[in-house]
Amino acid sequence: MNEMIYCEGLVKIFKSEDIEVVALQGLNLTVNQGEMMAIIGNSGSGKSTLLNMLGGLDRPSAGQVNVGGWDLLKIRDDQLVEYKRNTVGFVWQNNGRNLLPYLSALENVEMPMLLSGKLDRVYAKQLLEWVGLKDRMHSKLHQLSGGEQQRVAIAISLSNRPKLLLADEPTGSVDTATADQIMNIFRNVNRELGITIVIVTHDLTLAGKVDRVVAIRDGLTSTEFLKRNPNLDLATMENGGFHQGGLQEVHEAFVVVDRVGRLQVPKEYLEAVGIQGRASMEFDGDKIVITAPKSLEEENA
């Protein structure tokens, strides 16, 4: 399967006169074409910074980041306009960033088409039908609920037929029923159009509705979870966190291995077995075992 997103050693540093903040410090991530996956992490973990770079809104400081054949580290400004217009769609938590309040739902969806010179009213109407707004497409925004406005925003993000859809906390400002409806729309769009979808969220229940979950801590991808049973979600993570006990019956957990063989093992796993700075590693022919190193006294005994 072809890669839609490939990041290796991705670094993002924000600088001001007096301070330098490293938001991403060597992040690795691969997303295949047609995947629907979630990126989770606490505030300040770097997940929104990553999304902004994938969307072409921020430039990376170092490392590799390729999306749909574009090298976002080396891309020129004129190419970046084309990339944002044709390759990637964005859905924000604050749908006001997507919507023009004085236009109807249909006119909002058509606006990106007009800006790119590719107006397709039939497709614009089809998008609004897909998001369940067939009967509201001529309504002005003030006549629509918050959930309906967010569905218009999803239709807008798809108007130029992007290869990749990025969603930043897309259900953060709606109720549970509407959140479920929005996630079903994402799933249907993913299946019907084959579009790759990456959702950034801190909502573990929402994350359980996708195919794969990647956790980010301190600017690094640390753990991945693949769903074994599509009818189960990540609710157990609210109790078990990322510790092994809360995940065994629901998900298979992976640590990230980059292309030169380096492991990113979650800090809490290392702390649980007393590993600090150095670790002992053994290979028994079937598996690699990582443990806390023996003391010098034990080794010499």
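Residues numbered from 1 in each chain as written. Predicted model: local features only at pLDDT ≥ 70, side-chain atom pairs only at ≥ 80, totals over all residues. Heavy atoms only, no water.

## Describing the packing of aromatic side chains
Step number 1: One pass over the structure, following the stated rule, counts three aromatic pairs.
Step number 2: Each ring, one from Phe90 and one from Trp92, has its centre 4.2 Å from the other, and the planes form 5°; the classification is stacked.
Step number 3: When its relative accessible area of 11% is taken as the criterion, Phe90 is described as buried.
Step number 4: You can call Trp92 buried: its relative accessible area is 12%. (Phe/Tyr/Trp six-rings, centres within 6.5 Å; stacked < 30°, edge-to-face > 60°. Buried < 20%, exposed > 50% of the residue type's maximum accessible area, 1.4 Å probe, protein only.)

## Some details on the confidence of the model for the protein
Step number 1: Per-residue pLDDT for the protein averages 80, and the proportion of residues at 70 or more is 79%.
Step number 2: Confidence over residues 228-252 falls short of pLDDT 50; this stretch has 49 contacts with residues more than four positions distant or in other chains. (pLDDT = per-residue confidence, 0-100. Contact = heavy atoms within 4.5 Å.)

## What about the side chain of Arg212?
Step number 1: Topologically, Arg212 is positioned in strand 9 (residues 212-217).
Step number 2: A relative accessible area of 7% places Arg212 in the buried class.
Step number 3: Of note is the side chain of Arg212, whose polar atom sits 2.6 Å from the side chain of Glu35. (Helix = DSSP H or I, 4+ residues; strand = E, 2+ residues; numbered from the N terminus. Polar contact = N/O pair within 3.5 Å; in protein donor to acceptor, adjacent residues only side chain to side chain.)

## Section: the environment of Met36
Step number 1: By the element assignment, Met36 lies in strand 3 (residues 36-40).
Step number 2: Put simply, Met36 and Lys209 are 173 residues apart on the chain and 9.3 Å apart in space, counted from C-alpha to C-alpha.
Step number 3: Other than its neighbours up to four places away in sequence, Met36 contacts Met183, Phe186, Arg187, Asn190, Ile197, Ile199, Lys209, Val210, Asp211 and Arg212.

## Some thoughts on unusual backbone geometry
Step number 1: The phi dihedral of Arg161 is positive, around 50°, even though this residue is not glycine.
Step number 2: Structurally, Arg161 can be placed in the loop between helix 5 (146-157) and strand 7 (164-168).
Step number 3: On the basis of relative accessible area, Arg161 is assigned to the partly exposed category, the value being 49%.
Step number 4: One non-glycine residue with positive phi stands out, namely Glu169, at about 45°.
Step number 5: Assignment of secondary structure puts Glu169 in the loop between strand 7 and helix 6 (176-193).
Step number 6: Residue class for Glu169 comes out buried when judged on its relative accessible area of 11%.

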